[in-house]
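One letter stands for each residue in the lines below.
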Amino acid sequence: MKQKLWWIICGLALFIAGYSIVQYLLFDAQKAGFVQLKLMLNATLHSFWYIVLYIHIVFGILALVIGPFTLSSKLREKNVKRHRLLGNIYMVSILFGGLAGLYLALNATGGWVAQLGFALLSIGWLFTMFQALVHIKKRNIQGHQKWMLRNYALTFAAVTLRIWLPLFTVLFGFDNFQYSYASIAWLCWVPNLIVMEWYIQRKLFASKDKGCVTKTT
């Protein structure tokens, strides 16, 4: 991963993480814009839903912030033990964040289209992390790196979702929020995965042409 791109991703991840901490953890989650919109649309939110939301937010923030540091080859080569520790924390964060996300997806605003979109995001999040774990257990470093890149592309949906939300709100207004959110449920992660897959394949083809093994960053 190019250094400038890495810094941009880090900056966006930290910004959204900070925004989420302030909105959901420092203040009352019931006053958060996302929750307020659900309540305005007459959604019934039980105490268990809020508990799962907090689990998703906390572990999602951890994954979002830790992810770029696990992908950096420079940081990995400097301290392998630290890389493994961060990787383990990241994996646990995906496990809890993904399972919580799957529950939240079943109650997502925007009908079955949004629910399916977010459910597949959570399943993909868990599946790519499992694949990354399987490959590192087999000491397949390149395979592990590829699946980690795919996984973080899905983690980064936390950022792209918050880019699409205000854009759709400005373009289509609050009256059409449910329809907009159904589209965003797919737009927040499908393009991420496509772009990342293009990036992975481009690096792989480049490595074959040069006859060498590429690094992720």
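Since we're looking at a predicted model, the values are computed, not measured.

1. Things to note about the overall build of the protein chain
When helices and strands are counted, the protein chain shows 10 helices and 0 strands. For the protein chain, the succession of helices and strands along the chain, N to C, is α-α-α-α-α-α-α-α-α-α. Taking all 217 residues of the protein chain together, 43% fall into the buried category. Entry remark: accessible area of the protein chain is about 12200 Å², with carbon and sulfur atoms responsible for 69%.

2. Digging into the nonpolar core
If you look at soluble globular proteins, the nonpolar side chains tend to sit buried side by side. Leu 64, Tyr 90, Phe 118, Leu 121, Tyr 152, Leu 161 and Cys 188 are the most contacted members of the largest nonpolar core, which totals 40 residues. Within the residue set of this core, elements represented by two or more residues are α1 (3–26), α3 (47–71), α5 (80–105), α6 (111–137), α7 (141–155), α8 (157–172), α9 (177–187) and α10 (190–210). With 7 residues, the top contributor of residues to this core is α6. Filtering out sequence-adjacent residues up to four positions away, Leu 161 remains in contact with Phe 118, Tyr 181, Ile 184 and Cys 188. With 11 residues, the next largest nonpolar core counts Tyr 24, Trp 49, Val 52 and Leu 53 among its residues.

3. Thoughts on the packing of α3 against α7
The packing of two helices is summarised by the inter-axis angle and the distance between the axes. In contact at an axis separation of 10 Å, α3 and α7 are set at 155° when each is read in the N-to-C sense. Looking at the two axes, α3 sits roughly antiparallel to α7. Of the two elements, α3 crosses α7, and the hand of that crossing is left-handed. For the pair α3 and α7, the contacting residues are Ala 63, Leu 64, Gly 67, Pro 68, Thr 70 and Leu 71 in the first and Met 148, Leu 149, Tyr 152 and Thr 155 in the second. Looking at the contact of α3 with α7, its residues break down into 7 nonpolar, 3 polar and no charged.

4. Concerning α7
Because each turn of an α-helix spans 3.6 residues, side chains separated by three or four positions in sequence point in the same direction. The end-to-end C-alpha distance of α7, which contains 15 residues, comes to 21 Å, matching closely the 21 Å that a straight helix rising 1.5 Å per residue would cover. The buried fraction of α7 amounts to 12 of the 15 residues, a majority that puts the element mostly inside the structure. Those residues of α7 that fall on the buried side of the exposure criterion are Gly 143, His 144, Gln 145, Trp 147, Met 148, Leu 149, Arg 150, Asn 151, Tyr 152, Ala 153, Leu 154 and Thr 155.

5. A short note on the side chain of Ser 20
If you trace the backbone, Ser 20 turns up in helix α1. If we ignore the near neighbours within four places in the chain, the residues touching Ser 20 are Leu 25, Ile 61 and Arg 162.

6. Quick notes on the pattern of salt bridges
Oppositely charged side chains can pair when the atoms bearing their charge come close. One pass over the structure, following the stated rule, counts 1 salt bridge. Taking the shortest distance from any N to any O, the salt bridge between Arg 150 and Glu 197 comes out at 2.7 Å. Taken together, the residues Arg 150 in helix α7 and Glu 197 in helix α10 connect sequence positions 47 residues apart. You can call Glu 197 partly exposed: its relative accessible area is 26%.

7. Looking at α1
For α1, built from 24 residues, the straight-helix expectation of 34 Å at 1.5 Å per residue is met to within 8% by its first-to-last C-alpha distance of 32 Å. Among the residues of α1, those classed as buried are Trp 6, Ile 9, Cys 10, Ala 13, Ile 16, Ala 17, Ser 20, Gln 23 and Tyr 24.

8. Examining unusual backbone geometry
Of note in this structure, Arg 139 is not a glycine but carries a positive phi near 60°. Along the chain, the position of Arg 139 falls in the loop between α6 and α7.

9. Details of the environment of Gly 111
Mapped onto the secondary structure, Gly 111 falls in helix α6. The sequence separation of Gly 111 and Tyr 179 amounts to 68 residues, and the corresponding C-alpha distance is 8.6 Å.

The rules behind each value
Residues numbered from 1 in each chain as written. Predicted model: local features only at pLDDT ≥ 70, side-chain atom pairs only at ≥ 80, totals over all residues. Heavy atoms only, no water. Helix = DSSP H or I, 4+ residues; strand = E, 2+ residues; numbered from the N terminus. Buried < 20%, exposed > 50% of the residue type's maximum accessible area, 1.4 Å probe, protein only. Areas by Shrake-Rupley, 256 points an atom, 1.4 Å probe, with all protein chains shown as cover. Core = buried A, V, L, I, M, F, W, Y, C linked by side-chain atoms within 4.5 Å. Contact = heavy atoms within 4.5 Å. Axes fitted to C-alpha atoms, helices over the stretch in contact; angles between N-to-C directions. Parallel < 35°, antiparallel > 145°, perpendicular 65-115°, else oblique. Left-handed = near helix turned anticlockwise from the far one by under 90°. Nonpolar A, V, L, I, M, F, W, Y, C, P; charged D, E, K, R; others polar. Expected span 1.5 Å × (residues − 1). Salt bridge = Lys/Arg side-chain N within 4 Å of Asp/Glu carboxyl O.

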